[in-house]
Amino acid sequence: MSSDTRLQAEFHELLDEKQSLELLREAIKRESITGNESAFVRWLEEQMVSLSLDPRKAEFAPGRSNIWGLREGNGDGPRLLFTGHTDTVHVRGWRQRWAGTERENPFGAAVEGGEVWGRGAADLKGGICACISALRLLDAAGIQLAGDIEFAFVGDEESGEPGTGVSAGMRKFTEDVLDGEIAKPDFAIYVEPTRMSVFTAQIGFFIADVRIKGRTAYFGFPEKGVDAVKALYNALGEIWNHSAEIGRRGRHELLGESFALVTEVSGGGYIAVPGEASCTVIRKLRPGESIDAAVSEFEAIVLNAFEGCEVAVEISFPAGRDHPKGGSPVEIDSNISPVAMLRSSLAIAKSGTGAIEGAPFWSEASFLINRLNCPAVYCAPGDIANCHTLEERISIAEYHACTIAFALFMTAYCGVAGNSRKPSQ
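Residues numbered from 1 in each chain as written. Predicted model: local features only at pLDDT ≥ 70, side-chain atom pairs only at ≥ 80, totals over all residues. Heavy atoms only, no water.

(A) Summary view of the overall build of the protein. For the protein, the count of helices and strands is eleven helices and 19 strands. Relative to a compact globule of 425 residues, whose C-alpha radius of gyration would be 22 Å, the protein shows 24 Å and is just as compact. Across its three principal axes, the protein shows a C-alpha extent of roughly 85 × 50 × 40 Å. Out of the 425 residues belonging to the protein, those deemed buried represent 55%. Sequence-distant contacts in the protein: of pairs separated by 6 or more residues, those separated by 24 or more amount to 78%. With the model as given, the accessible surface of the protein reaches about 17800 Å², and the carbon-plus-sulfur share is 47%. (Helix = DSSP H or I, 4+ residues; strand = E, 2+ residues; numbered from the N terminus. Rg over C-alpha atoms; globule rule 2.2 N^0.38 Å. Buried < 20%, exposed > 50% of the residue type's maximum accessible area, 1.4 Å probe, protein only. Contact = heavy atoms within 4.5 Å. Areas by Shrake-Rupley, 256 points an atom, 1.4 Å probe, with all protein chains shown as cover.)

Pasting the structure below:
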């Protein structure tokens, strides 16, 4: 039996599954819809105090705080960051969907069929609680790390609530690191749900709102108006052609082709020539594509589609993240040593996990990679496919397995102080 396998067996024996599950259920019960994260942050502060992480908070918006903490190692090992967002999406429609069942309360953390149900269960309180439980597991095993463990949990990642969801928390965190207020990590795990795979690449995106103003007129005299819907129809064809064309430019091994997806169309008038119309488009970008170049290309295509039309066109980009007009695509080398260590730890904890994949979503790893020059991956229990839905839940067995995997990786990556235990090579 290898030393890693022996350590996994020891962690499995020491893991108090009942206590660890209750930790996750307590986290879900702290409502933290975007803009209202404070109760969950207070709870996190309690957990971090109990782990001697010396937690500190800083507001990124009035009444809204990030929280972070550091446990210094007893040697010369590297600094490992676990990070994620404290906010969740809304729960509109949840109670109606599950009325009269154990799942009715979206913050009730109902346990059914080996899964925990509730908003935030997978996205991403399961990941946060797995890293907390992992550090407790190391303490139970008497393992002192040579390197440092850093936790940082930020708000404002999710979108959907008015005036929020622009990564204000992660922006503040990276600024504080660059200013020397917070310790800079050497490697980071952002605990978005990945089913215990390792996501080393993520898509980029921008959202474009296209608004057309023509001139309304009574339907009996259509020649007196300028039909905004008709003008938009012509532009939609050009956008769909553009999507097909950029899809032919290449395919990323983990993320597939890029595209431009029309997600919403509106317009019309009451028995009249429609004077206004609009559409919303989301553009997917592969690593290596420039947001600036993609935006310029999109604007040129749209404006060209309206050339000769008597309409006014306005294009806006409402979803700036780490870029003023969107979120950057990013990837790291999947073959670096920390990734290999993490994959090994996952596979030991749960057979069949630890695969390299790409994130079909945008989250905040690009802040860490591009602004802090810190290699970062996504990895956690839970399935992104049921997140943001009325079916959000997480497998209890997977949550416990990821806890053990995180403990193994902490040991492997940070190293063990002294000669009592040796990290995996």
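(B) Representation of the pairing of strand β6 (residues 148-154) within the structure. Here β6 lies mainly inside the structure; seven of its seven residues are buried. Sheet topology places strand β2 (residues 64-71) next to β6; five bridges connect them, and they run antiparallel. Each bridged residue has a counterpart across the sheet, and for leucine 70 the counterpart in β6 is glutamate 150. (Pairing = 2+ DSSP bridges.)

(C) A look at the pairing of β2. Of all the eight residues making up β2, six are buried; the element is thus mostly covered by neighbouring parts of the structure. As judged from the five bridges shared by strand β1 (residues 56-61) and β2, these two strands associate in the antiparallel manner. Paired with alanine 58 across the strands is asparagine 66, a residue of β2. Connecting β1 to the antiparallel partner β2 that follows it, the hairpin turn spans two residues, and glycine 63 within it adopts a positive phi of roughly 75 degrees.

(D) Seen up close, the side chain of serine 32. Within the secondary structure, serine 32 sits in the loop between α2 (17-29) and α3 (38-50). Polar contacts involving the side chain of serine 32 include one to the main-chain carbonyl oxygen of threonine 86, which spans 2.9 Å. The residues touching serine 32, leaving out its near neighbours within four places in the chain, are Glu37, Phe40, Thr86, Asp87, Thr88 and Lys125. (Polar contact = N/O pair within 3.5 Å; in protein donor to acceptor, adjacent residues only side chain to side chain.)

(E) Spatial organisation of the packing of helix α1 (residues 3-14) against helix α9 (residues 337-349). Between α1 and α9, whose axes approach to 10 Å, the crossing angle comes to 55 degrees. Classified by the angle between their axes, α1 and α9 sit oblique to one another. Both α1 and α9 take part in a crossing whose hand is right-handed. Between α1 and α9, the contacting residues are Asp4, Thr5 and Gln8 on the first element and Ser344, Ile348 and Ala349 on the second. Its residues placed into classes, the contact of α1 with α9 shows two nonpolar, three polar and one charged. (Axes fitted to C-alpha atoms, helices over the stretch in contact; angles between N-to-C directions. Parallel < 35°, antiparallel > 145°, perpendicular 65-115°, else oblique. Left-handed = near helix turned anticlockwise from the far one by under 90°. Nonpolar A, V, L, I, M, F, W, Y, C, P; charged D, E, K, R; others polar.)

(F) Broad picture of the pattern of salt bridges. Taken as a whole and judged by the stated rule, the model has 20 salt bridges. A salt bridge links arginine 119 to glutamate 392; the shortest N-O distance between them is 2.7 Å. With arginine 119 in the loop between β5 (115-117) and α5 (121-140) and glutamate 392 in the loop between β18 (376-378) and β19 (393-395), this residue pair connects regions lying 273 residues apart in the sequence. Like glutamate 392, arginine 119 is buried. Sharing partners across several salt bridges, the network here consists of Glu37, Arg64 and Asp156. (Salt bridge = Lys/Arg side-chain N within 4 Å of Asp/Glu carboxyl O.)

(G) Representation of the packing of helix α7 (residues 228-247) against helix α8 (residues 291-305) in the model. Interaxial distance between α7 and α8 falls to 9 Å at its minimum, and their mutual angle equals 145 degrees. α8 is crossed by α7, and the crossing has right-handed handedness. Touching Ala235, Glu238, Ile239, His242 and Ile246 of α7 are Glu297, Phe298, Ile301, Val302 and Ala305, all from α8. Of the residues in the contact of α7 with α8, the class split is seven nonpolar, one polar and two charged.

(H) Molecular detail of the sheet that holds β5. Pairing is antiparallel across the open sheet formed by three strands, whose spatial order is β4-β5-β19. Strands with a single pairing partner mark the edges of an open sheet, and in this sheet they are β4 (111-112) and β19. Pairing of β5 with β19 involves three bridges; the strand directions are antiparallel. Pairing of valine 116 across the sheet is with isoleucine 394, part of β19.

(I) Representation of α3 in the model. In this model, α3 (13 residues) spans 19 Å end to end at C-alpha, consistent with the 18 Å of a helix rising 1.5 Å per residue. Restricting attention to buried positions, one finds in α3 the residues Phe40, Val41, Trp43, Leu44, Gln47 and Met48. The arc that holds the buried residues of α3, viewed along the axis, is 160 degrees, so those residues lie on one side. As for α3, its buried residues are in contact with α2, β1, β2, α5 and β6. Downstream of α3 by one or two residues, serine 52 has phi in the positive range, about 60 degrees. (Expected span 1.5 Å × (residues − 1). Arc of directions from axis to C-beta.)

(J) Geometry of the packing of aromatic side chains. What the rule picks out here adds up to 16 aromatic pairs. Between phenylalanine 187 and tyrosine 413, the ring centres sit 5.8 Å apart and the planes meet at 45 degrees, which makes this aromatic pair tilted. Separated by 226 residues along the polypeptide, phenylalanine 187 in strand β7 (residues 187-190) and tyrosine 413 in helix α11 (residues 396-414) bring together distant segments of the chain. For tyrosine 413, a relative accessible area of 11% corresponds to the buried category. Among the aromatic residues, those joined into a ring-pair cluster are Phe82, Phe151, Phe153 and Phe406. Sitting above the plane of the phenylalanine 40 ring, lysine 125 keeps its charged end 4.3 Å from the centroid. (Phe/Tyr/Trp six-rings, centres within 6.5 Å; stacked < 30°, edge-to-face > 60°. Lys NZ or Arg CZ within 6 Å of the ring centre and 35° of its normal.)

(K) Spatial organisation of the nonpolar core. In this structure, Phe11, Phe151, Phe173, Ile189 and Phe406 are the most contacted members of the largest nonpolar core, which totals 95 residues. Ignoring any residue separated from it by four or fewer positions in sequence, one finds phenylalanine 173 in contact with Asn66, Leu81, Ala152, Val154, Ile182, Leu368 and Leu372. In this structure, Leu232, Cys279, Val311 and Ile315 belong to the second largest nonpolar core, which totals 28 residues. (Core = buried A, V, L, I, M, F, W, Y, C linked by side-chain atoms within 4.5 Å.)

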